[in-house]
Amino acid sequence: MRIQTTEIVDTFAEAFKMWAARVIITAATPQWAMAAAQSMTGFATSIIGCKCEAGIENEIPADETPDGRPGVSVLLFAMNAEGVGKRLVERVGQCVMTCPTTSCFNGLPDAPETVVVGGQLRYFGDGYQISKVLNGRRFWRIPVMEGEFVVEESFGVQPAIGGGNLLILGPDVPATLRATEAAVEAMRTVNGIILPFPGGVVRSGSKTSSRYKFLFASTNDAYCPTLRAFAPETHVPPEAGCVLEIVIDGLDMDVTAESMRRGIQAAAEQEAMQISAGNYGGTLGQYHIRLHDLLMETTDEH
Amino acid sequence: MSIKLNLHTTPSVPLEAEVITPQRFASLSNEDIAALPVQHGNELAKLGDFFTVSGSANGEIELEGDLRLVKMIGQGMSSGRIVIAGDVGMHVGAIMSGGEIVVEGNATDWAGAEMLGGQILIRGNAGHGLGCGYRGSRIGMRGGQIFVQGNAGSETGGAMRGGLIAIGGNSGDFTGVNMRAGTIIALGEIGWRSGASMLRGTIVTMQPARILPTFGYACTYQPNFLRFYLLHLRAMGLPVSDEQVNGYYQRYSGDSIELNRGEILVFAG
C-alpha cells in the first residue's frame, strides 16, 4: 500500500494490555501546572526502565477543571493497577505536591477500579491534614510551607493499551525528523493518548533479546541503518538512512488506532519513505494493530 | 407522573406527616396513601383527612398548600424526590439518607436535622437547627448537602460531623456549635459565637465576623479546596462571585477549648 510516495508496510504494531490513570493537575498559572506535569512525566518513557510510562495528554482551560484554575492532564500507564498506584504515589508526592500552587484531581472518576493516592500522601501532613468530602469524593488538604496541597483520596484506573507504535523511515535524519514531527503533532490531537518518549519520538528502538545474559532488551539491529550490511537481518531499504519510532499508549483501542492513523497520514504528507511498525512476531502482545487496516477503516473523530 | 398532595384542610395544630416519603408511597394506591396515619395534635388521623391524593407513584412527590404546620415531611427518606411548592413546617428532611427535597418557599426549624445523606434545597429561608443534632444528641448532620438560598437561623450545623451546608444569606448565632467535621459556607454573615466548642470542620463566611477569643488567627491565604466548593455552590444556584472564588481568606483555628482542629475562614477580598 502507498500513500503518495510513502510505502505503508503490510505489518502490525504489537501492543500490550496495561492499566492507566488520568491525573488533572491545576495551579495558579498554566506555567506552574505544566511545570508539575513535566516533572511528573519525567523519566517515564518505557515501562522496562522506568516502571511506568507517562506523558502529558493536553492542557485544560480553567473553566473545565475541578477548581477553575488552568490545568494539565497527565496519563500514567503501568502493567497492573497496583503498579499504577505505586507510581502515582511516588510521582504525585515528589513532583506535584512539591510544586507551588498545585492541586491534583482524579481524571477517571468512572473507572472500574481505584487506587489510593491522596489517602497515602496525607500522612505527610503529620496529623495536621484535613479531609473534605464533596459529592462522594474525598480530598485531602495537606499543609505545606506555601499554603495547602489539595489531592484527591483515590484515583480511577482502567485497562488500557500500551506499546502501539509506528516506525518512520527516511533518507536522512532531517527528512525523517520532519515526517516524524508532523506525525507526532497529528497524533497528539487525539484525546486519551500519550507519546511517552522525548518529543514523542524514540531513536533507540529495542528488540526483546540480547547476546548479554544480564540484558533482556537491546538495540533493534534490524532497523539500524549502520548495520544494514552487517546484521543477520535488516528491514532498512538501501535508500533509507534513518529510522525513528513513535510509541503510543492509549486509554483504549479506539483512540490508539485513531492516533496511529492520523500519524501515518501526517508522516506520508511529509513524504516519509516508508512507514512500518514494531512487533515481536505476534507472540507477546495481546493486540495486533495492522497498519493497512487502520487506513481502510473509517474512524470517528476523537 | 408524580404523586400530588394538595392540602384541602389546613391543620389547626401541627400535623406530623413523616409518612410522606417516596419509599413509603412506592407500590401503594392513592387510596392506600390517603389512608396512611398522621398525627394531628393529640389525635390520630389519616393523610386523606388533609390532603387530596392524585397522580401515580414514580418516586416523586409534589405538595401544594399552606404546609407551615405540616411537620416531618421527608423525614427518614432514602430515595426519590419531594417538591414542596411553598413554605413547609419543622423537621423537613430530618434523618434523611438519600434522595432530594426541594422547598420552593421557607422551611422552619430542624430542616435536615441529623441528616445522613441526600440533598435539600430551600429557596427561601431556613429556621433554627438546620442540619443540627437534636437535643441530647452528640452528632448532628453526618452527610449529604443542604442549600439555602436565603438566611438560616441559629445553631446551623450544630454538632455536624459531615456533609455540606451552604447558605446564600446569613447564618445565625452558634453556627457550627460543637461541630465535629463537615463544611458550612455562609455567603452572608455568621452570628455570634459561631464555631463554639467545634472540634474539627470548616465554617466559611463572606462577611466580617466576630470570632471567639478561643480561636487563633493563623494567616490570610487562598484555600484551594474552597475553590471547588464555591464553584459547586454556584452550580447549585447560589450567588458566588469570582472574587470569592479567587479571593483571600483569613484563617482562624479553634476552638482551643477543644481540639483546636476546626477552622473559620473569613473572606478578606
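Figured I'd write up the structure that's included with this text. Residue numbering note: each chain is counted from 1, following its sequence as written. Both sets of labels track the order of writing: A upward for chains, 1 upward for ligands. Thresholds applied to this predicted model are a pLDDT of at least 70 for local features of residues and 80 or more for the giving and counting of side-chain atom pairs; totals over whole chains, interfaces and linings are not thresholded and use all residues. Water and hydrogen atoms play no part in the side-chain values, which are based on all heavy atoms of the structure.

Focus: the pairing of strand 12 (residues 164-167) of chain B
Residues and elements named next belong to chain B. Note on classification: 1.4 Å probe, protein chains only; a residue is buried when its accessible area is under 20% of the maximum for its type, exposed when over 50%, partly exposed between these limits. A helix here means a DSSP run of H or I that spans at least four residues, while a strand means a run of E at least two residues long, and both kinds are numbered starting from the N terminus. Side-chain alternation along strand 12 places L164 and A166 on one buried face and I165 and I167 on a second face that is also buried. Whether two strands pair comes down to DSSP finding at least two bridges between them. Strand direction decides the pairing type here: strand 11 (residues 145-148) and strand 12, joined by four bridges, are parallel. Counted as the bridge partner of V148 is I167 from strand 12. Pairing geometry for strand 12 and strand 13 (residues 183-186), over four bridges, is parallel. The residue of strand 13 that forms the bridge with A166 is I185.

Some details on the environment of H235 of chain A
All names here are of chain A. Tracing the backbone through its elements, the reader meets H235 in the loop between strand 14 (218-219) and strand 15 (242-250). Of the residues examined, H235 reaches a relative accessible area of 36% and is grouped as partly exposed. Polar contacts involving the side chain of H235 include one to the side chain of E233, which spans 3.4 Å. Distance and chemistry together define a polar contact, namely a pair of N or O atoms within 3.5 Å, with one atom able to donate a hydrogen and the other to accept it when in protein, and with adjacent residues in sequence counting only for side-chain atoms on both sides.

Examining a nonpolar patch on the surface
On the surface, a cluster of nonpolar side chains totalling about 360 Å² of accessible area is made up of Y212, F214 and L215 of chain A. Relative to the helices and strands, F214 of chain A is located in the loop between strand 13 (206-207) and strand 14. Like charges are joined within 9 Å and nonpolar side chains (Val, Leu, Ile, Met, Phe, Trp, Tyr) within 5 Å, but only among residues with over 30% relative accessible area and no salt bridge; these make up the patches. Residue exposure ignores everything except the shown protein chains as possible cover, and the areas themselves are Shrake-Rupley values with a 1.4 Å probe. A pair is scored as a salt bridge if a Lys or Arg side-chain nitrogen falls within 4 Å of a carboxyl oxygen belonging to Asp or Glu.

Details of the interface of chain B and chain A
Pairs of residues are marked as contacts when any of their non-hydrogen atoms sit within 4.5 Å. Between chain B and chain A, the residue contacts involve 17 residues of the former and 18 residues of the latter. Note on definitions: buried area is the accessible-area loss of two parts on being combined, 1.4 Å probe, summed for both. The junction of chain B with chain A conceals about 1,400 Å² of combined surface from both sides, 53% of it contributed by carbon and sulfur atoms. Per-residue buried area on chain B facing chain A is highest for N224, R227 and F228 of chain B; these three make up 40% of the total on that side. At the surface where chain B touches chain A, the tally comes to one salt bridge. Here E263 of chain B makes a salt bridge to R141 of chain A, at a shortest N to O gap of 2.4 Å. The tally of links from chain B across to chain A stands at 12 residue pairs in polar contact (both at pLDDT 80 or more). A total of seven residues in the side of chain B that touches chain A trace back to one element, the largest contributor, which is helix 3 (residues 224-235) of chain B.

Overview of the packing of aromatic side chains
Side-chain rings of Phe, Tyr and Trp, where Trp is taken by its six-membered ring, are said to pair if the distance between their centres is within 6.5 Å; with planes under 30 degrees apart they count as stacked, over 60 as edge-to-face, and otherwise as tilted. Here the structure, examined in full by the defined rule, presents 10 aromatic pairs over all chains. Taken together, the ring pairs connect F105 and F139 of chain A together with F225, F228 and Y229 of chain B into an aromatic cluster. Here R141 of chain A stacks its cationic end above the ring of F225 of chain B, 3.7 Å away from the centre of that ring. One cation-aromatic arrangement involves R210 of chain B over W192 of chain B; the distance from NZ or CZ to the ring centre is 4.3 Å. Counting as a charge over the ring demands two things of the Lys NZ or Arg CZ atom: a distance within 6 Å of the ring centre and an angle within 35 degrees of the ring normal.

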